[in-house]
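What the coordinates show
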Amino acid sequence: GFEPEAVNKQVTFRFDLETGFAAVPPEWTRRPEEGALQLTIVRLNEYEAKNVLGSDVHGSGLLPVRVTVSNNTPRPYEIETDKIYLVQQAGGRVAPVSSPGGDENLQSGVVEPGETVSGYLYYPAGNYSSARTSVVDKENDEREGFSVRF
């Protein structure tokens, strides 16, 4: 039978001001740590996409991805949705494509201290092995990049 949890993959990135970015176990995503910037990426399977988004985006050849950014640091960070890449198993990074529209899409912008933003990005359907992205520390305009395997 169809088992949504077997298809759903979640990767969380945590940025600590002292140690930098690291992948963290999924159970850490439930309670964001103080002093950490967390980015959670969840690929939605067909069943979840229909229930959450109300449409069959998989049938349109798109893979919906829910992205949540929790900023538990004292610094503002900018996220740029066009720089949140999925990496194909065969190699090569893929940027998000135009979305079907709606208020639930993740928007680029600054995530202030204590703020959490969440939304959806859409990628061409495919086999992806990891995600790569970077955020900009708005206090010093330094880009912090990272990559984690699914």
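Residues numbered from 1 in each chain as written. Predicted model: local features only at pLDDT ≥ 70, side-chain atom pairs only at ≥ 80, totals over all residues. Heavy atoms only, no water.

What follows concerns unusual backbone geometry. Residues other than glycine seldom take positive phi values, yet D141 does so here, at roughly 55°. Note on placement: D141 falls in the loop between β10 (128–137) and β11 (142–149). The class of D141 is exposed, set by a relative accessible area of 55%. (Helix = DSSP H or I, 4+ residues; strand = E, 2+ residues; numbered from the N terminus. Buried < 20%, exposed > 50% of the residue type's maximum accessible area, 1.4 Å probe, protein only.)

Aromatic ring pairs: the centre-centre distance and the angle between the two ring planes describe each pair. For the structure on display, the rule yields zero aromatic pairs. The ring of Y85 has R93 lying over it, and the distance from NZ or CZ to the ring centre is 4.2 Å. (Phe/Tyr/Trp six-rings, centres within 6.5 Å; stacked < 30°, edge-to-face > 60°. Lys NZ or Arg CZ within 6 Å of the ring centre and 35° of its normal.)

Every buried residue of helix α2 (residues 46–53) is accounted for by E48, A49 and L53. The buried residues of α2 all sit within an arc of 100° when viewed along its axis, so they share a single face. Elements in contact with the buried residues of α2: β3 (36–43), β4 (62–71) and β9 (116–124). In this structure N45 caps α2, since a side-chain oxygen of it lies 3.0 Å from the backbone nitrogen of Y47. The first or second residue beyond α2 is G54, which carries a positive phi of 80°. (Arc of directions from axis to C-beta. Contact = heavy atoms within 4.5 Å. Polar contact = N/O pair within 3.5 Å; in protein donor to acceptor, adjacent residues only side chain to side chain.)

Turning our attention to the pairing of strand β6 (residues 85–88). In summary, the side chains of a regular strand alternate between the two faces of the sheet. In this structure, β6 lies alongside β10, joined through four bridges in antiparallel fashion. Paired with Y85 across the bridge in β10 is R132. Judged from the two bridges that link them, β6 and strand β7 (residues 93–94) form a sheet pairing that is antiparallel. Looking across to β7, one finds that L86 is bridged to V94. (Pairing = 2+ DSSP bridges.)

Let us now look at the side chain of N71. Here N71 is to be found in strand β4. We classify N71 as buried; its relative accessible area is 0%. In terms of polar contacts, N71 uses its side chain to reach the backbone carbonyl oxygen of E112, at 3.5 Å. Beyond its immediate stretch of four places on either side in the chain, N71 contacts A36, L37, P76, Y77, V111, E112, P113, G114 and E115.

The next thing to look at is the pattern of salt bridges. Scanning the entire structure with this criterion turns up six salt bridges. Between K50 and E46 there is a salt bridge, and its shortest N-O distance comes to 3.6 Å. Separated by four residues within a single helix, K50 and E46 lie in helix α2, roughly one turn from each other. The exposure class of E46 is partly exposed, given its relative accessible area of 39%. A salt bridge links E80 to R143, with the shortest nitrogen-to-oxygen separation between them at 2.7 Å. One end of the pair, E80, is in the loop between β5 (77–79) and β6; the other, R143, is in strand β11, and 63 residues separate them in sequence. Among the ionic contacts, a cluster of salt bridges with common partners joins R75, D137 and E139. (Salt bridge = Lys/Arg side-chain N within 4 Å of Asp/Glu carboxyl O.)

In short, the description is geometric, and any link to function would need to be established separately.
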